[in-house]
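Residue-level structure breakdown
Single-letter residue listing:
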Amino acid sequence: QQQVKQSPQSLIVQKGGISIINCAYENTAFDYFPWYQQFPGKGPALLIAIRPDVSEKKEGRFTISFNKSAKQFSLHIMDSQPGDSATYFCAASTGGAGGTSYGKLTFGQGTILTVHP
Amino acid sequence: SQTIHQWPATLVQPVGSPLSLECTVEGTSNPNLYWYRQAAGRGLQLLFYSVGIGQISSEVPQNLSASRPQDRQFILSSKKLLLSDSGFYLCAWRGGRRVAKNIQYFGAGTRLSVL
């Protein structure tokens, strides 16, 4: 019930291509869906996040698409660059800014993205 | 601005030795604090979280413990390390004043190798 399933485990894309990473969840109480980017040896950093009241959010080359009925969301990286090569994690949490969830995030297993020049 | 400090960056410890990893947050007050472990090639597993001084919640039964002696200090400890404790340990914080409350900010992590 608390799982977030992420695919693919690894992804290789040519420079300028579109990278797509998918996540699915079961817990309908999730109300916050962030994506984190992690470079080797570093901590994850928030990339972009969405709430279930919108179907899409775009920030620069990064777009989250959200399908509430299917309980799926995805990250699209347009015009992928070698500097985008990193591990990407989707996550989900409940309770918004308050509640009893204390902001605990449930993470997907991660996708290692490699963008070839 | 808010910053999070985690140390040491790397640590090599023998099996059976004690462990103490420290995390401090600056520039905010009363944050929620979290310890995660990341095994090689795996996702992040939440180990402990704290919503206030002295308040610790454990997510996974294990050989580790956590403490929060001060508002912005979070410590991960073990009395006797096991081989299975090896991994990348990450501290994170959320909340406090003047920041978006749903965002978790991570430290740079500690790479722990138990030999």
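Residues numbered from 1 in each chain as written. Chains lettered and ligands numbered in written order. Predicted model: local features only at pLDDT ≥ 70, side-chain atom pairs only at ≥ 80, totals over all residues. Heavy atoms only, no water.

This part takes up the overall build of chain A. Along the backbone of chain A there are zero helices and eleven strands. What you see in chain A, going N to C, is helices and strands ordered as β-β-β-β-β-β-β-β-β-β-β. For 117 residues, the compact-globule estimate of 2.2 N^0.38 gives 13 Å, and the C-alpha radius of gyration of chain A, at 14 Å, lies within 12% of that figure. Taken along the three principal axes of its C-alpha coordinates, chain A extends 45 × 30 × 20 Å. Counting every position in chain A, which comprises 117 residues, the buried fraction comes to 45%. In chain A, of all internal contacts separated by at least 6 residues, the share reaching a separation of at least 24 is 56%. In the form shown here, chain A has an accessible surface area of approximately 5600 Å², with 51% of it arising from carbon and sulfur atoms. Side-chain charges in chain A split into 10 positive and 7 negative, and the spacing between the mean points of these groups amounts to 4 Å. (Helix = DSSP H or I, 4+ residues; strand = E, 2+ residues; numbered from the N terminus. Rg over C-alpha atoms; globule rule 2.2 N^0.38 Å. Buried < 20%, exposed > 50% of the residue type's maximum accessible area, 1.4 Å probe, protein only. Contact = heavy atoms within 4.5 Å. Areas by Shrake-Rupley, 256 points an atom, 1.4 Å probe, with all protein chains shown as cover. Lys, Arg positive; Asp, Glu negative; His and termini not counted. Charge placed at Lys NZ, Arg CZ, Asp CG, Glu CD.)

This brings us to the environment of B:Ser78. Residues and elements named next belong to chain B. Topologically, serine 78 is positioned in strand β8 (residues 73-78). The buried category is assigned to serine 78, whose relative accessible area is 6%. Setting aside residues up to four positions removed in sequence, serine 78 forms contacts with Pro18, Leu19, Asn63 and Leu64. Reaching out from serine 78, the side chain makes a polar contact with the backbone nitrogen of lysine 80 at a distance of 3.4 Å. (Polar contact = N/O pair within 3.5 Å; in protein donor to acceptor, adjacent residues only side chain to side chain.)

Attention now goes to the sheet that holds strand β7 (residues 65-70) of chain B. All names here are of chain B. Strand order across the open sheet formed by four strands is β1-β3-β8-β7, with antiparallel pairing between neighbours. The open sheet has two edge strands, β1 (3-7) and β7, and neither has a second partner. Recorded for the sheet is a direction-independent mean angle of 20° between the axes of neighbouring strands. (Pairing = 2+ DSSP bridges. Axes fitted to C-alpha atoms, helices over the stretch in contact; angles between N-to-C directions.)

How big an interface is tends to be reported as the loss of accessible area on association of its parts. Taken together, the 19 residues of chain A in the interface contact 21 residues of chain B. In total, about 1700 Å² of surface goes out of reach between chain A and chain B, with carbon and sulfur atoms giving 54% of it. Residues A:Lys104 and B:Glu59 are paired through a salt bridge, measuring 3.4 Å at the closest nitrogen-oxygen approach. Run the count over chain A and chain B and you get four residue pairs in polar contact (both at pLDDT 80 or more). When residues in the side of chain A that touches chain B are grouped by element, the largest group, three residues, is from strand β4 (residues 30-38) of chain A. Looking at the side of chain A that touches chain B, its residues break down into nine nonpolar, seven polar and three charged. (Buried area = accessible area lost by both parts, 1.4 Å probe. Salt bridge = Lys/Arg side-chain N within 4 Å of Asp/Glu carboxyl O. Nonpolar A, V, L, I, M, F, W, Y, C, P; charged D, E, K, R; others polar.)

On to the nonpolar core, then. In this structure, A:Val4, A:Phe33, A:Trp35, A:Phe73, A:Leu75 and A:Tyr88 are the most contacted members of the largest nonpolar core, which totals 24 residues. For this core, the secondary structure elements donating two or more residues are β2 (10-14), β3 (19-25), β4, β5 (45-50), β7 (62-67), β8 (72-77), β9 (86-94) and β11 (111-116) of chain A. The element contributing the most residues to this core is β9(A), with four residues. Each residue touching A:Phe33, except ones within four places of it in the same chain, is listed here: A:Tyr25, A:Ile48, A:Ala49, A:Ile50, A:Pro52, A:Ile64, A:Phe66, A:Phe73, A:Ala91 and A:Ala92. One finds B:Trp35, B:Phe48, B:Trp93 and B:Val114 within the second-largest nonpolar core, a separate group that totals 20 residues. (Core = buried A, V, L, I, M, F, W, Y, C linked by side-chain atoms within 4.5 Å.)

Time to look at the sheet that holds strand β1 (residues 4-7) of chain A. All names here are of chain A. The strand order β1-β3-β8-β7-β6 describes an open sheet built from five strands, whose pairing is antiparallel. Looking at the sheet topology across the chains shown, the edges are occupied by β1 and β6 (56-59). Across the sheet, the mean angle separating the axes of adjacent strands is 15° when strand polarity is ignored. Sheet analysis places β3 next to β8, joined by six bridges and oriented antiparallel. Residue asparagine 22 lies in a different strand from β8, and its bridge partner there is serine 74.

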